[in-house]
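So the chains spell out like this:
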Amino acid sequence: MILTVDIGNTRIKAAVFEGNNALENFIFDKNELEKKIEKILKKFPNCSDLVVASVGSIEKQSFLTFENRLKVHFFTHEDVFPFQNKYATPKTLGIDRMILAGGATLQFPKQNRLVIDAGTCITYDFIDENDNYLGGAISPGLRLRYESLHNFTARLPLLTLEAPDNYVGNSTPQAIHSGVVNGFVYEIDGFIDEYRKEFSNFIIILTGGDAEFLAKRLKNTIFANSNFLLESLNQTYQYKIDND
Ligand SMILES: Nc1ncnc2c1ncn2[C@@H]1O[C@H](COP(=O)(O)OP(=O)(O)O)[C@@H](O)[C@H]1O
Ligand SMILES: CC(C)(COP(=O)(O)O)[C@@H](O)C(=O)NCCC(=O)O
Ligand SMILES: [K+]
């Protein structure tokens, strides 16, 4: 059994895998990291490996305490990945994006793939049919948009996610919901349309905390898989073991 841990900028997601099956998923806050992992290991004492991808503030040292019990692997740019990295600054590419690209390459062989991760940020990652990672885009995620409007203005309230009634918002709250949610949806549909002009065919993988909310609102039909990063961590780790 493998315990995978994804440390994002908002929260931590974890899952226990047996082969390719996720047995249980967990979501928690970074201040609960050690306590939650202890609890998971108590429930799944057969975990032999702990595999981590972190773009958050948590570093490898936080996992030292588990090293006497199981094999700990903290993914870095030095690991082997199943694609060629064509990013001009490969060392600054987010490790979460590398794991997503790894999972997309392994799960959907020999085809163009676009991965959209709607988390703290929205990230777009394109891996072509020859397994070249080309890059993509980074923009503010849903919650970040609500928070930025509030934090950088004097008069805009901090709202929580709500589906707008209309794109013509007729009040301050409705105008904010329209701007944030419709802007978010139009951005993603717009990006997909642009990619379609350049690449005739590609599979789209949509993941992240806002994937489900988003999927039903897009003009393009895409199935959301909120678990794709953890699945990719599990698969990219297997790939690393087989190819090291
Ligand atoms: N309970 C929740 N707590 C925080 N964010 C949530 C929650 N439910 C949905 N979200 C949405 O999920 C996004 C964070 O997604 P997630 O994939 O967990 O991010 P990250 O990997 O960057 O930590 C937020 O922008 C927010 O809009
Ligand atoms: C873009 C990100 C902040 C996304 O983080 P997330 O939304 O998953 O928490 C992360 O992938 C990152 O720190 N990237 C480094 C810059 C880059 O990928 O080019
Ligand atoms: K993201």
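Everything numeric in this text was worked out from a predicted model, so none of it was measured.

A. Summary view of the domain arrangement of the chain. We note that the domain assignment places domain 1 (2-74) and domain 2 (84-233) within the chain. A C-alpha centroid distance of 25 Å is found between domain 1 and domain 2. Contacts between the two partners involve 17 residues from domain 1, matched on the other side by 12 residues from domain 2. Regarding the contact of domain 1 and domain 2, the summed buried area is about 1,000 Å², with carbon and sulfur atoms giving 68% of it. Our count for the contact surface shared by domain 1 and domain 2 stands at 0 salt bridges. Across the contact surface, domain 1 and domain 2 share 2 residue pairs in polar contact (both at pLDDT 80 or more). Taken together, the residues of the side of domain 1 that touches domain 2 sort by class into 9 nonpolar, 5 polar and 3 charged.

B. Structural detail: the site of ligand 2. Taken together, 13 residues surround ligand 2, and among them Asn9, Tyr87, Gly94, Asp96 and Arg97 come closest. Measuring from an oxygen atom of ligand 2, one finds a backbone N or O atom of Cys121 at 2.9 Å. Listed by contribution, the elements that provide at least two residues to the shell around ligand 2 are helix H2 (95-107) and strand S8 (121-127). Of the residues that constitute the shell around ligand 2, the class distribution is 5 nonpolar, 6 polar and 2 charged. Here the shell around ligand 2 spans two domains, and each of domain 1 (2-74) and domain 2 (84-233) adds at least three residues to it.

C. Just the sheet that holds strand S2 (residues 12-18), in detail. Reading across from one edge, S3-S2-S1-S4-S5 is the order of the 5 strands in this open sheet, with mixed pairing throughout. A single partner strand is all that each edge strand has here, and the edge strands are strand S3 (21-28) and strand S5 (71-74). With direction set aside, neighbouring strand axes in the sheet form an average angle of 15 degrees. Both S2 and S3 contribute to a ladder of 7 bridges, which runs antiparallel. Following the sheet pairing, Ala15 is matched in S3 by Asn25.

D. Representation of the UniProt feature "binding site: ATP" (unreviewed entry) in the chain in the model. Following the UniProt record, one finds the feature "binding site: ATP" (unreviewed entry) at Asp6, Ile7, Gly8, Asn9, Thr10, Arg11, Ile12, Lys13 and Thr120. The greatest C-alpha distance among the annotated residues, which extend across 115 residues, is 13.1 Å, indicating that they converge on a single site. As for its placement among the helices and strands, Asp6 is situated in strand S1 (residues 2-7). Here Asp6 falls in the buried class, since its relative accessible area comes to 8%. As for its position among the elements, Thr120 is in the loop between strand S7 (113-118) and S8. Looking at Thr120, the relative accessible area reads 25%, which means it is partly exposed. Excluding its chain neighbours within four sequence positions, the residues that come into contact with Thr120 are Asn9, Thr10, Pro140, Gly141 and Leu144. Side chain to side chain, Thr120 and Thr10 meet in a polar contact 2.6 Å long.

E. Molecular detail of the packing of aromatic side chains. Counted under the stated rule, the structure contains 10 aromatic pairs. Between the aromatic rings of Phe83 and Tyr133, the centroid separation amounts to 5.9 Å while the plane-to-plane angle is 45 degrees, which identifies the pairing as tilted. Note that Phe83 is positioned in the loop between S5 and strand S6 (84-85) and Tyr133 in strand S9 (residues 132-140), a separation of 50 residues in sequence. Residue classification places Phe83 among the buried residues on the basis of a relative accessible area of 8%. Seen in terms of ring centroids, Tyr124 and Phe191 are 4.3 Å apart; in terms of plane orientation they differ by 40 degrees. Their pairing is tilted. Taken as a pair, Tyr124 in strand S8 and Phe191 in helix H4 (residues 172-198) lie far apart in primary sequence, 67 residues in all. Taking relative accessible area as the criterion, Phe191 reaches 28% and is therefore assigned partly exposed. Aromatic rings pair up to connect Phe75, Phe81, Phe83, Tyr87 and Tyr133 into one cluster.

F. Structural view of the pairing of S7. Of all 6 residues making up S7, 6 are buried, and the element is well covered by its neighbours. Burial along S7 is two-sided: the residues Arg113, Val115 and Asp117 and Leu114, Ile116 and Ala118 are all buried. Where S7 meets S8, 6 bridges bridge the pair, whose relative direction is antiparallel. For Val115, the partnering residue across the bridge sits in S8 and is Asp125. Taking the residues between adjacent antiparallel strands as the criterion, S7 and S8 are bridged by 2 residues. Both S7 and strand S10 (residues 203-207) contribute to a ladder of 5 bridges, which runs parallel. By the bridge assignment for S10, Leu114 is matched with Ile204.

Here is what the cut-offs are and how they apply
- Residues numbered from 1 in each chain as written.
- Chains lettered and ligands numbered in written order.
- Predicted model: local features only at pLDDT ≥ 70, side-chain atom pairs only at ≥ 80, totals over all residues.
- Heavy atoms only, no water.
- Domains from an automatic or database assignment.
- Contact = heavy atoms within 4.5 Å.
- Buried area = accessible area lost by both parts, 1.4 Å probe.
- Salt bridge = Lys/Arg side-chain N within 4 Å of Asp/Glu carboxyl O.
- Polar contact = N/O pair within 3.5 Å; in protein donor to acceptor, adjacent residues only side chain to side chain.
- Nonpolar A, V, L, I, M, F, W, Y, C, P; charged D, E, K, R; others polar.
- Near = heavy atom within 4 Å.
- Helix = DSSP H or I, 4+ residues; strand = E, 2+ residues; numbered from the N terminus.
- Pairing = 2+ DSSP bridges.
- Axes fitted to C-alpha atoms, helices over the stretch in contact; angles between N-to-C directions.
- UniProt positions renumbered as here; feature names shortened; annotations may be inferred.
- Buried < 20%, exposed > 50% of the residue type's maximum accessible area, 1.4 Å probe, protein only.
- Phe/Tyr/Trp six-rings, centres within 6.5 Å; stacked < 30°, edge-to-face > 60°.

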